[in-house]
Amino acid sequence: MFSEKIVTPEQIALYREQVADNQEALAALDVIEEWDGDLADAAESIAKLNGIEGVETNADLRWFVQKLKECHKFICQPKYENLRDKYVSTLIPVLTEFLAGSLSCPPGVAGLIATPFALTIAEEGMDKFCQSFNTQP
């Protein structure tokens, strides 16, 4: 089962180095910092601020977890196995493209939202993440 992730200021600093050439990711890291490293809260805050619908509508399953499950179905396909040993900077563009379609939002907004998802996957470890939802219906 998935557990929500909190990143430390030190981890955020390391991620800033990895995504130094990605303005959306850097802006998302600012929001993550504002939320004391809570990736789920930061993602939901970014989504709400950018007019993404449905963030607060499902009391049974948090929006972040719901979208993370969708990311799981997408990113854990065999064609993305090559990302499993890569850095966050290579994961963000793939998730950005997916989330832009999934959320029907512009790529810039998807890039902001993709960052907390990419960090969650990186913190979990790609292999562990890809196994995390497999035991659930």
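Note that this is a predicted model, so its numbers are computed, not measured.

A.B. asks: If you had to explain the overall build of the protein chain to someone new, which residues and values would you point to?
C.D. replies: Helices and strands together make up the secondary structure of the protein chain, namely seven helices and zero strands. N-terminal to C-terminal, the α/β element order of the protein chain is α-α-α-α-α-α-α. Here the protein chain holds 137 residues, and the buried ones make up 49% of them. Nonlocal contacts in the protein chain, meaning residues at least 24 apart in sequence, comprise 62% of its contacts between residues at least 6 apart. Surface summary for the protein chain: the accessible area is close to 7,200 Å², and the carbon and sulfur share equals 50%.

A.B. asks: Tell me about the state of the cysteines, and name the residues and values.
C.D. replies: Disulfides are covalent bonds that connect the sulfur atoms of two cysteines. One pass over the structure, following the stated rule, counts one disulfide. Cysteine 71 takes part in no disulfide bond, and the closest cysteine sulfur, belonging to cysteine 76, lies 9.5 Å away.

A.B. asks: Describe in detail the packing of aromatic side chains, supporting the description with residues and values.
C.D. replies: We describe a pair of aromatic rings using the distance from one ring centre to the other and the angle between the two ring planes. In the structure shown here, the tally under the stated rule is four aromatic pairs. Seen in terms of ring centroids, tryptophan 63 and phenylalanine 117 are 6.2 Å apart; in terms of plane orientation they differ by 65°. Their pairing is edge-to-face. On the criterion of sequence distance, the pair formed by tryptophan 63 in helix 4 (residues 63-75) and phenylalanine 117 in helix 6 (residues 107-124) is long-range, its members being 54 residues apart. With respect to burial, tryptophan 63 and phenylalanine 117 carry one shared label: buried. Taken together, a centroid distance of 4.5 Å and an interplanar angle of 15° make the contact between phenylalanine 74 and phenylalanine 98 stacked. You can see phenylalanine 74 sitting in helix 4 and its partner phenylalanine 98 sitting in helix 5 (residues 88-103), a full 24 residues away along the chain. Phenylalanine 98 matches phenylalanine 74 in its accessibility class, with the two residues each being buried.

A.B. asks: A description of the environment of valine 88 should follow, citing residues and the corresponding values.
C.D. replies: Following the sequence through the fold, valine 88 ends up in helix 5. Note on valine 88: relative accessible area 4%, which makes it buried. When the C-alpha atoms of valine 88 and alanine 122 are compared, they prove to be 6.5 Å apart, with 34 residues separating the residues in sequence. Once residues within four sequence positions are removed from consideration, valine 88 is found in contact with Tyr15, Gln18, Val19, Ala118, Leu119 and Ala122.

Parameters and conventions
Residues numbered from 1 in each chain as written. Predicted model: local features only at pLDDT ≥ 70, side-chain atom pairs only at ≥ 80, totals over all residues. Heavy atoms only, no water. Helix = DSSP H or I, 4+ residues; strand = E, 2+ residues; numbered from the N terminus. Buried < 20%, exposed > 50% of the residue type's maximum accessible area, 1.4 Å probe, protein only. Contact = heavy atoms within 4.5 Å. Areas by Shrake-Rupley, 256 points an atom, 1.4 Å probe, with all protein chains shown as cover. Disulfide = S-S within 2.5 Å. Phe/Tyr/Trp six-rings, centres within 6.5 Å; stacked < 30°, edge-to-face > 60°.

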